Amino acid sequence: MGQKVSPLLLRLGFTKNWRSMWFAKPKEYPRFIEEDYRIRRHIKKNFKHAAIASIIIERLTERVKIRIQSGRPGIIIGRHGADIERLRQDLNSLLNKEVSIDIEEVKQPALNSQLVAENIAMQIEKRIAYRRAVKRAMEQSMNSGAKGIKITCAGRLGGAEMSRVETFKQGTVPLSTLRADIDYGFAESLTTYGLIGIKVLMYKGDILGKPVL
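Keep in mind that this is a model prediction, so the values were computed, not measured.

Caption draft 1: Just the sheet that holds strand β5 (residues 148–155), in detail. The strand order across the open sheet built from four strands is β6-β5-β8-β7, with neighbouring strands paired in antiparallel fashion. One side of each edge strand has no neighbouring strand; the edge strands of this open sheet are β6 (164–171) and β7 (180–191). Here the strands of the sheet are splayed against their neighbours by 10 degrees on average, with no regard to which way each runs. Of the strand pairs in this sheet, β5 and strand β8 (residues 194–206) are connected by seven bridges, and their pairing is antiparallel. Counterpart to Ile151 in the pairing with β8 is Val200. Sheet contacts for helix α5 (residues 113–125): β5, β7 and β8; angle to β7, the most-contacted strand, approximately 20 degrees. Taken strand by strand, helix α6 (residues 130–144) contacts β5, β6 and β8, and its axis lies near 25 degrees from that of β6.

Next up, the structure:
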């Protein structure tokens, strides 16, 4: 069996950084991990259509700083900032700490693996043929400047009796090269036949220079 490692974990300290940036004492560590999970679940659940690429959490002494990278920041902010203020209040009561939220716009959603995976998952839920959704997503990414993309779909594809795995690839995706900027995204599509998993690996070029620490 092949031993597969997440491209994000493999590149931590080289070209990628942590999504949760904090230090904790051994007794506090499990609580912080659970809080981070609850924060991400709450945001994703309340803003399903906001095209959230990633949620980066930083912890200061008595304050939690959350950075949300989104393809549609207007949905999170809401009219006159009402939705983001409500979200801040919800997270304040959830953590019993002061929470500050920053929204960053993802300028090119077609070059973000997580957004590409979620877009394909959403199309499959709307009963669009998975091959058409995947090929359209690959074309958009390659036209936007990606050097290679690999998409894997697993589950009862097309309502088949048995689940299977299908992989689509275009361009080059050098997974073993640490200097390669490989973006990874995963999403699940809940259909009437069951869950379909979508993995997206995107190669955007090499990162040369100082490592990200």
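Caption draft 2: The side chain of Asp36, seen in detail. Structurally, Asp36 can be placed in helix α2 (residues 29–46). What Asp36 contacts, discounting residues up to four positions off in sequence, is Ser20, Trp22, Ile57 and Arg59.

Caption draft 3: Looking closely at the sheet that holds strand β2 (residues 52–59). The four strands are arranged β1-β2-β3-β4 in an open sheet whose pairing can be described as mixed. Two strands close off the open sheet at either side, each with one partner strand: β1 (20–21) and β4 (98–105). The pairing of strand β3 (residues 63–70) with β4 spans eight bridges and is parallel. Opposite Arg63, over in β4, you have Glu98 as the bridge partner.

Caption draft 4: How the structure looks around α6. Counted at 1.5 Å a residue, the expected span for α6 with its 15 residues is 21 Å, and the 21 Å between its end C-alpha atoms agrees. All of the buried residues in α6 are Tyr130, Ala133, Val134, Ala137, Met138 and Ser141. With its buried residues spanning 130 degrees around the axis, α6 presents them on a single face. Those residues of α6 that are exposed and aimed more than 90 degrees away from the buried face are Arg132 and Asn143. On its buried side, α6 packs onto α5, β5, β6 and β8. Note on α6: the residue one or two positions beyond its end, Gly145, has a positive phi of about 125 degrees.

How each quantity is defined
- Residues numbered from 1 in each chain as written.
- Predicted model: local features only at pLDDT ≥ 70, side-chain atom pairs only at ≥ 80, totals over all residues.
- Heavy atoms only, no water.
- Pairing = 2+ DSSP bridges.
- Helix = DSSP H or I, 4+ residues; strand = E, 2+ residues; numbered from the N terminus.
- Axes fitted to C-alpha atoms, helices over the stretch in contact; angles between N-to-C directions.
- Contact = heavy atoms within 4.5 Å.
- Expected span 1.5 Å × (residues − 1).
- Buried < 20%, exposed > 50% of the residue type's maximum accessible area, 1.4 Å probe, protein only.
- Arc of directions from axis to C-beta.

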